[in-house]
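# Inside the fold
Residues per chain, in single letters:
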Amino acid sequence: MFSASRFTARRRAIAMAAAAASLALTLAACGSSSDSSSMPGMDHGGKSSASSSPSGSPAMGDMPGMDRMASGNGLSDSKDGYRLTSKDTTLPGGKQAAYRFTVTGPDGKAVTDFAVDQTKRMHFYAIRSDLTGFQHLHPTMAADGTWSADLSALAPGSWRMFTSFTPTTGTAKGKDFVLSRTVTVPGDAAKTPLPAPATSTEVDGYTVAVKGELMAGMAHPLTVSIAKDGKPVTDLQPYLDTYAHLTAFHEGDAAFAHLHPTTKVTGDNGGPDLSFHAELPTAGNWRLFLQFRTGGKLHTAALTLRVG
């Protein structure tokens, strides 16, 4: 009797294990019949399971709001065979200085054909490592492809020089690039603390307010409102084919982001509210620089924005 009971118990255990394995295989088959986009809240990416990361977790493009994530932060001097080159590793402080550079293509030759973006073929930005001293310039190019950016006086410290451009020929025709290099300005480099996050700031008698809850890596609308003496400003003049140009840099590494305007230009009567497509790839504090023109004068407002 003891042996028979023991044999029967063993048969039951084997049967239960087989049933469990069969159920697991059925569930796995059901799970593999559709990709992650079929799950609630995961249909924004529109990607197949083939786009999953090597670890098996969903790729970032499969997550809500991640299908339009910025492709780069501008912290490299090369991408896809294109390279930003310059002999300038130091620049003098306290006086105007020219930064000269060249963009080379995959063939190693200087690129000379660039698309016009917001009325310019090349946008150039200089920012100190503590996110002070912001400059936005439009350099000139010589026949050999050498660009020259005439910078205003730079304070001592480490600076990053960003170039934003779009080739019209070559393997990356029509693709937007942001490449950068660093330079050193000799001298006593005292660090300026980053101002605390705020929703408004003052510049030249204007009040600039920002409204929008931003999350890292997700596209969100951002609204900028401009007022003066408590009254809405409605006489904004076009600047670079828009009513305001907005650039952001990340605290710590100075990663770059250009926030694209969505408000159409209809004449010299812009404002007070301007809309932007904001997509900041990394959480933390970002320093925003808003440039707008009134009465023929360009104003630059700066404020710190916290991104979750």
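The following refers to the structure shown. In every chain, residue numbers begin from 1 and rise along the written sequence. Local features in this predicted model are restricted to residues of pLDDT 70 or higher, and side-chain atom pairs are both shown and tallied only at a pLDDT of 80 or more, whereas totals for entire chains, interfaces and linings draw on every residue. As a rule here, side-chain values cover all heavy atoms of the structure and leave hydrogens and water aside.

## Some details on the sheet that holds strand E6 (residues 140-141)
Where we set the bar: Being paired, for any two strands, means DSSP has found at least two bridges between them. Helix and strand assignments follow DSSP, with helices taken as H or I runs no shorter than four residues and strands as E runs no shorter than two, numbered in order from the N terminus.
Pairing within the open sheet is antiparallel, and its 5 strands lie in the order E1-E2-E3-E7-E6. The sheet is open, and its two borders are formed by strand E1 (78-79) and E6, each paired with just one other strand. Pairing of E1 with strand E2 (residues 82-85) involves 2 bridges; the strand directions are antiparallel. Looking at E2, one finds that Ser78 is bridged to Arg83.

## A short note on the packing of aromatic side chains
Rules: Here a pair means two rings of Phe, Tyr or Trp (six-membered ring of Trp) with centres within 6.5 Å. Their orientation is stacked below 30 degrees between planes, edge-to-face above 60, and tilted elsewhere. Buried means the residue's accessible area, taken with a 1.4 Å probe over protein chains only, is under 20% of the maximum for its type, while exposed means over 50%, and partly exposed covers the values in between.
Enumeration over the complete set of coordinates arrives at 17 aromatic pairs. Relative to Phe256, the ring of Tyr125 has its centre 5.1 Å away and its plane inclined at 50 degrees; by these criteria the two rings are tilted. Linking Tyr125 in strand E4 (residues 123-128) with Phe256 in strand E15 (residues 256-261), this pair joins segments that are 131 residues apart in sequence. Side by side, Tyr125 and Phe256 carry an identical accessibility label, which is buried. The rings of Tyr82, Tyr99, Phe101, Phe114, Phe124, Trp147, Phe165 and Phe177 are connected pair by pair, giving a single aromatic cluster.

## Comments concerning the sheet that holds strand E9 (residues 177-185)
Put simply, the rule is: Here the axes come from fitting lines to C-alpha atoms, over the contacting stretch only for helices, and the angles between their N-to-C directions go from 0 to 180 degrees.
Pairing is antiparallel across the open sheet formed by 4 strands, whose spatial order is E5-E4-E8-E9. Pairing within the sheet leaves two strands with one partner each, and these edge strands are strand E5 (135-137) and E9. Strand-to-strand, the axes of this sheet are offset by a mean angle of 20 degrees, without reference to chain direction.

## Overview of the pairing of strand E17 (residues 284-294)
With 10 of its 11 residues buried, E17 lies for the most part within the structure. Pairing of strand E14 (residues 245-250) with E17, which is carried by 6 bridges, proceeds in the antiparallel orientation. Looking across to E17, one finds that His245 is bridged to Gln291.

## Some thoughts on the environment of Thr163
Here is the rule: Any two residues having at least one pair of non-hydrogen atoms within 4.5 Å are treated as being in contact.
In this fold, Thr163 is placed in strand E8 (residues 157-165). Taking C-alpha positions, Thr163 is 9.8 Å from Pro139, a pair spaced 24 residues apart along the chain. Apart from residues no more than four positions distant in its own chain, Thr163 is found in contact with Leu84, Phe101, Met122, His123, Phe124, Phe177, Val178 and Leu179.

## A few points about unusual backbone geometry
Pro272 follows Gly271 through a cis peptide bond whose omega is 0 degrees. Structurally, the position occupied by Pro272 is in the loop between E15 and strand E16 (273-278). Even without being a glycine, Thr119 presents a positive backbone phi close to 75 degrees. By the element assignment, Thr119 lies in the loop between strand E3 (97-104) and E4. Judged by its relative accessible area of 45%, Thr119 falls in the partly exposed class. Backbone geometry places Asp204, a non-glycine residue, at a positive phi of 50 degrees. By the element assignment, Asp204 lies in the loop between strand E10 (200-203) and strand E11 (206-211).

## Notes on the pattern of salt bridges
Think of it this way: side chains of opposite charge can pair up when their charged atoms draw near. Selection criterion: One side-chain nitrogen of Lys or Arg within 4 Å of one carboxyl oxygen of Asp or Glu is enough to make a salt bridge.
Tallying each qualifying case throughout the model produces 4 salt bridges. Close ionic contact of Asp77 with Arg181 constitutes a salt bridge, the shortest N to O distance being 3.4 Å. With Asp77 in the loop between helix H1 (2-31) and E1 and Arg181 in strand E9, this pair connects stretches of sequence that are 104 residues apart. The salt bridge partner of Asp130 is Arg128, with a shortest N-O separation of 2.5 Å. Each of the two residues, Asp130 as well as Arg128, counts as buried.

## Some words on the nonpolar core
Using the following cut-off: Working definition of a nonpolar core: buried Ala, Val, Leu, Ile, Met, Phe, Trp, Tyr and Cys residues. They are joined through side-chain atoms within 4.5 Å.
Within the largest apolar cluster, 29 residues are counted, with the highest numbers of intra-cluster contacts made by Leu222, Ile226, Leu259, Phe276, Leu290 and Phe292. The set of elements that each furnish at least two residues to this core consists of E11, strand E12 (220-228), E14, E15, E16, E17 and strand E18 (297-307). Beyond its immediate stretch of four places on either side in the chain, Ile226 contacts Tyr206, Thr207, Val208, Pro232, Val233, Leu236, Pro272, Leu274, Leu290 and Phe292. Core analysis: the next-biggest nonpolar cluster, separate from the first, contains 25 residues, Leu91, Leu151, Met161 and Ala172 among them.

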